[in-house]
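Structural features, examined
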Amino acid sequence: MMLKVIGGLLILAACGLMGIAAANKYSQRPKDIRRFRASIQMLETEIIYGCTPLPQAFHNIANKVEGTLKSFYHFISEDLSVGFSYSMVAAWSKGLEKLVCDTSLTSSDKELIDNFGKVLGSSDREDQKKHFELFYIQLKQNEEQAEEARKKNEKMYKSLGFLSGIVIFILLV
Amino acid sequence: MNKFKIYEVLKYIPKEIKTIIENLSPSLLESMEEIRLRQGGPLILYGGGKEYILDGHGRLVFDARNAYVCTTEDIKNAISLVTNFSIYSFEDEIRNGFVTIDGGHRVGICGKVVLENGRIRTLRDISFINYRVARQVLGAADKVLNYIVNSNNSIYNTLIISPPQCGKTTILRDMIRQISSGIETMGLKGKKVGLIDERSEIAACNLGLPKNNVGIRTDVLDGCPKAEGILIMIRSMSPEILATDEIGRSEDAGAILDAINAGVKIITTIHGSDIEDFLRKPALEKLHKNLFERYIIMSRRHGVGTIESILDSNYKSIKSNFAKEKTL
């Protein structure tokens, strides 16, 4: 009897964890977007108040953030300083490609960020400020969508995992 | 050293056009002075007083119809490269119509001007770009130094008058270098020179350090407006000589007057083709009254760097038979 209970609990735990893993995909995206937005806010400060040229600005941000974003900004900064791509848009897109692979950002986030790269640095400060504001609004929309999807799916996957564990447990016992 | 200046400029030229230009023979490439991109227009280079039109494979063509035509993309990329991908950090430069890149080379830009309260706010739709290769010519000022060094171990207040592209900045730079380092053959001891380099063209500073040789006793105020710069220099660096490029506004005139009254010698330049041009500028009226003791008039009659004549404070010619003598 004791063994049965232990085995059952193990199944329950395994299924529950599977559910949590599936739910994580949804809970990660809003976090990723939020983190990205915070880094873009740093970029805005660099541009609007510091007037720092982009390669240097990216470098500064890479020093302040962690993880995947760090390598994203580091990559672009290197690319621009070495003059490898000869264009901001190309460097940004290449960096973004990698960022999307390593995070839970979706293709709609990618498109949005990619478009922002096209205007980054291409106009005077006043104009850049407007682009930043617009980008925040768009990011916010994506974030809300992601949040909604999270609310809907996170709980569902979690309880689904747990419940399926219970079902198996009952069937086996 | 000058031979390689063109390669500093090439770094700021869009890939497509760079590949085309690099097809030129090295000797021809190294003689280039200007590279011009016009949106929808042919790619034209100037060097040694000659014009070169290139096609898409870097071959010279005579008919502009066969030339490589610069695309919108080329111009966009060029602007992006020249401004280090950040137009916003070059707002002032763009307003003035040019950006100075590493090595002191100047990139001129033209487009649609956006006005705000009658003043230029920015340039939009940039469609004309001119890369100008700046060259340092050591010894460019040799021919004129004799006339600006005076007997009591000092120099005269000097104004260089020259149309664009005649080498006035080159001469000024070499004057500064020689006066600052001292000229043994003339018995001139080195002087403390304060250089106000508003456009980073003379010293070509990068991160505050001069990339051109401007002498060992030269302090450089990089990117500073002339009028303010002159006052800062006098207050803080106790210069014996102040040097600056292309004066023109009435504030400049006021500051120079202050400097001369403070006992500092001035070397500066102005756009024009003869002394009359200088006297006709109302903004510089304060400087018309025999303040300058030497006027050097330049042209490109016998090539870049031709000295037309040297005048004294009463506009009398001291020397004018520089015929066929080239300084550059």
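Below you will find a few notes about this structure. (Residues numbered from 1 in each chain as written. Chains lettered and ligands numbered in written order. Predicted model: local features only at pLDDT ≥ 70, side-chain atom pairs only at ≥ 80, totals over all residues.)

**What about the pairing of strand β2 (residues 44-47) of chain B?**
Residue and element names in this part refer to chain B.
- Across four bridges, strand β1 (residues 32-38) lies against β2 in antiparallel orientation. What sits directly across from E34, in β2, is Y46.
- Counting the residues between successive antiparallel strands, the hairpin from β1 to β2 contains five residues, one of them, G40, with a positive phi of roughly 75°.
- Sheet topology note: the β2/strand β3 (residues 50-54) ladder contains four bridges and is antiparallel. When the sheet's bridge partners are listed, I44 is paired in β3 with I53.
- Linking β2 back to β3 in an antiparallel pair, the connection comprises two residues, with G48 at a positive phi of about 55°. (Pairing = 2+ DSSP bridges. Helix = DSSP H or I, 4+ residues; strand = E, 2+ residues; numbered from the N terminus.)

**Considerations on the environment of S164(A)**
- Within the element layout of this structure, S164(A) appears in helix α6 (residues 125-172).
- Along the backbone, S164(A) and G19(A) are 145 residues apart, and their C-alpha atoms lie at a distance of 9.3 Å.

**Quick notes on the packing of helix α1 (residues 2-49) of chain A against α6(A)**
Residues and elements named next belong to chain A.
- Running from N to C, α1 and α6 cross one another at 175°; their axes reach a closest spacing of 7 Å. By the angle between their axes, α1 is roughly antiparallel relative to α6.
- Taken together, the residues that form the contact of α1 with α6 break down as 26 nonpolar, 10 polar and 11 charged. (Axes fitted to C-alpha atoms, helices over the stretch in contact; angles between N-to-C directions. Parallel < 35°, antiparallel > 145°, perpendicular 65-115°, else oblique. Nonpolar A, V, L, I, M, F, W, Y, C, P; charged D, E, K, R; others polar.)

**A word on the sheet that holds strand β5 (residues 98-101) of chain B**
All names here are of chain B.
- The sheet built from seven strands is open, its strands ordered β4-β3-β2-β1-β7-β6-β5 with antiparallel pairing. Each edge of the sheet is formed by a strand with only one pairing partner; in this case those strands are β4 (60-61) and β5.
- Note that strand β6 (residues 105-116) and strand β7 (residues 119-132) share 10 bridges and pair antiparallel. Bridge pairing in β7 places R106 opposite R132.
- Its contacts with the sheet place helix α4 (residues 72-82) against β1, β5, β6 and β7, and it is angled at close to 100° to β7. (Contact = placed C-beta atoms within 7 Å.)

**As for helix α5 (residues 107-119) of chain A**
- Here α5(A) contains 13 residues, and its C-alpha end-to-end distance of 19 Å stays within 8% of the 18 Å for a straight helix at 1.5 Å per residue.
- Downstream of α5(A) by one or two residues, G121(A) has phi in the positive range, about 80°. (Expected span 1.5 Å × (residues − 1).)

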